[in-house]
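Commentary on secondary and tertiary structure
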Amino acid sequence: MKNKKQQHYSPGRRVLTDFFVVLCLVWLIPIFAVLINSFKANAYVNLDPFALPSSESFVGFTNYVKGMTFGNYPFLKSVSYSLFITVVSVALILLFCSMSAWYIGRVNSLGSRIFYYLCLFSMIVPFQMVMFTLTSTADSLKLNTPWTIPVIYLGFGAGLAIFMFVGFVKGLPLEIEEAASIDGCGPVRTYFNVVLPMLKPTLISVGILELMWVWNDYLLPYLVLDITKYRTIPIHVQYLKGSYGTVDLGATMAVIMMAILPIIIVYLFCQKYIIKGVAAGAVKG
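This write-up is about the structure you can find in this document. (Residues numbered from 1 in each chain as written. Predicted model: local features only at pLDDT ≥ 70, side-chain atom pairs only at ≥ 80, totals over all residues. Heavy atoms only, no water.)

1. A look at the overall build of the protein chain
- Summing up its helical and strand segments, the protein chain has 14 helices and zero strands in all.
- Moving toward the C terminus, one meets the helices and strands of the protein chain in the order α-α-α-α-α-α-α-α-α-α-α-α-α-α.
- Each principal axis of the C-alpha distribution contributes one length, and for the protein chain these read about 75 × 70 × 35 Å.
- The 285 residues of the protein chain split such that 36% are buried. (Helix = DSSP H or I, 4+ residues; strand = E, 2+ residues; numbered from the N terminus. Buried < 20%, exposed > 50% of the residue type's maximum accessible area, 1.4 Å probe, protein only.)

2. Things to note about a nonpolar patch on the surface
- Where nonpolar side chains cluster on the molecular surface, the patch consists of Leu16, Phe19, Phe20, Leu23 and Trp27 and spans about 570 Å² of accessible area.
- Residue position: Leu23 is located in helix α2 (residues 11-37).
- The partly exposed category is assigned to Leu23, whose relative accessible area is 34%. (Patch = residues over 30% accessible without salt bridge, like charges linked within 9 Å, V, L, I, M, F, W, Y side chains within 5 Å. Areas by Shrake-Rupley, 256 points an atom, 1.4 Å probe, with all protein chains shown as cover. Salt bridge = Lys/Arg side-chain N within 4 Å of Asp/Glu carboxyl O.)

3. Thoughts on the nonpolar core
- Ranked by internal contacts, the top residues of the largest apolar core, which has 24 residues, are Cys97, Ile162, Phe165 and Leu199.
- Those elements giving two or more residues to this core turn out to be α5 (75-106), α6 (110-124), α8 (149-169), α10 (187-198) and α11 (200-216).
- With nine residues, α8 is the single largest residue contributor to this core.
- What Ile162 contacts, discounting residues up to four positions off in sequence, is Cys97, Ser100, Ala101, Ile104, Phe115, Tyr116 and Cys119.
- Met131, Ile149, Leu220 and Val224 belong to the second-largest nonpolar core, a separate cluster that totals 16 residues. (Core = buried A, V, L, I, M, F, W, Y, C linked by side-chain atoms within 4.5 Å. Contact = heavy atoms within 4.5 Å.)

4. Regarding the side chain of Ser112
- Mapping Ser112 onto the fold places it in helix α6.
- A polar atom in the side chain of Ser112 sits 2.7 Å from the backbone oxygen of Val107.
- Beyond its immediate sequence surroundings of up to four residues, Ser112 is in contact with Tyr103, Ile104 and Val107. (Polar contact = N/O pair within 3.5 Å; in protein donor to acceptor, adjacent residues only side chain to side chain.)

5. A short note on the packing of α8 against α11
- Direction vectors running N to C along α8 and α11 enclose 155 degrees, while the axes themselves pass 10 Å from each other. What the angle tells us is that α8 and α11 run roughly antiparallel. Between α8 and α11 lies a crossing whose hand is right-handed. Residues Tyr153, Phe156, Gly157, Leu160, Ala161, Met164, Phe165 and Phe168 of α8 touch α11, and the partners they reach there are Pro201, Thr202, Leu203, Ser205, Val206, Leu209, Glu210, Trp213 and Val214. (Axes fitted to C-alpha atoms, helices over the stretch in contact; angles between N-to-C directions. Parallel < 35°, antiparallel > 145°, perpendicular 65-115°, else oblique. Left-handed = near helix turned anticlockwise from the far one by under 90°.)

6. Some thoughts on the pattern of salt bridges
- Within this structure, the stated rule accounts for one salt bridge.
- When the shortest N-O distance is used, the salt bridge between Glu177 and Arg106 registers 2.8 Å. Here Glu177, found in helix α9 (residues 174-182), pairs with Arg106, found in helix α5; they are 71 residues apart in sequence, far enough to count as distant.

7. Examining the environment of Tyr44
- Tracing the backbone through its elements, the reader meets Tyr44 in helix α3 (residues 42-47).
- For the pair Tyr44 and Leu160, spaced 116 residues apart in sequence, the C-alpha to C-alpha distance is 43 Å.
- Aside from chain neighbours lying at most four places away, what touches Tyr44 is Pro49, Glu56 and Ser57.

8. Thoughts on α6
- When the terminal C-alpha atoms of α6 are compared, their 22 Å separation across 15 residues agrees well with the 21 Å that a helix rising 1.5 Å per residue should span.
- Buried within α6 are the following residues: Ser112, Tyr116 and Cys119. Down the axis of α6, the smallest arc covering the buried residues is 60 degrees, so these residues share one side. Residues of α6 that are exposed and angled more than 90 degrees away from the buried face: Leu110, Tyr117, Leu118, Phe121 and Ile124.
- The secondary structure elements touched by the buried residues of α6 are α5 and α8. (Expected span 1.5 Å × (residues − 1). Arc of directions from axis to C-beta.)

9. Let's talk about the packing of aromatic side chains
- Evaluated as defined, the whole model comprises 14 aromatic pairs.
- Judged by centre distance (5.4 Å) and plane angle (70 degrees), the ring pair of Phe19 and Phe20 falls under edge-to-face.
- Under the relative-accessibility criterion, Phe20 is labelled partly exposed at 46%.
- Through pairs of rings, three or more aromatic residues link up here, namely Phe39, Phe58, Phe61 and Tyr64.
- Sitting over the ring of Tyr116, Lys170 keeps its end group 5.8 Å from the ring centre. (Phe/Tyr/Trp six-rings, centres within 6.5 Å; stacked < 30°, edge-to-face > 60°. Lys NZ or Arg CZ within 6 Å of the ring centre and 35° of its normal.)

Structure below.
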């Protein structure tokens, strides 16, 4: 027991822990800066952005109220577009990618292996290489609206999702699916009644990762959507300007805080599922 304790509290482990604590604090500095500046008047944000709100600079929730109405585009409209695109995109990715991964993991054919490696290859292709052809393709196929852009997100999010799902599917006991087949279940019933419940850890982890990606994505909606009609929250922040191009930094910080707060809350509550899902897929794959 003494050796185990000494190994657990070894100097190297302690140094590594201290290093990651400091690194975590460094990553939190930008969020902290946005938070404190969202409660300060615009003039004080420019003067000293890292100073805490004082009795003179503190304006309470005025910036949050102003951020809801500042600019020439309604903030709630941007929220509705972001929410719809995120929910539908993540739902499509989870459903179709888990189905594809189940087929790839169970059918050992040349076609399934080629499809799997193509999905892996899509993960290493930079988005900048395809964004110009993507724009023209989206326009020609009428995928340039919030109601159709989830199809594009399905294509770009399939690589990571299928990679994680396949790793987990390969570790599932095949006997359970065989028993369901003997009981008269077809492929569709076997997937929804047997396979899908067992995929829960990876479903949650993939869903959270894709949720954070789609919600915070700026470039894809900016290239595909008509930003004069449709703006997601990241695009709304970019064009948050008043008359003559003036920018209220206090209101902008408040809007940014309202945009990132839901994702931070979701991540804090679900981070353990991300670790479990990633580890399960990596080990079993």
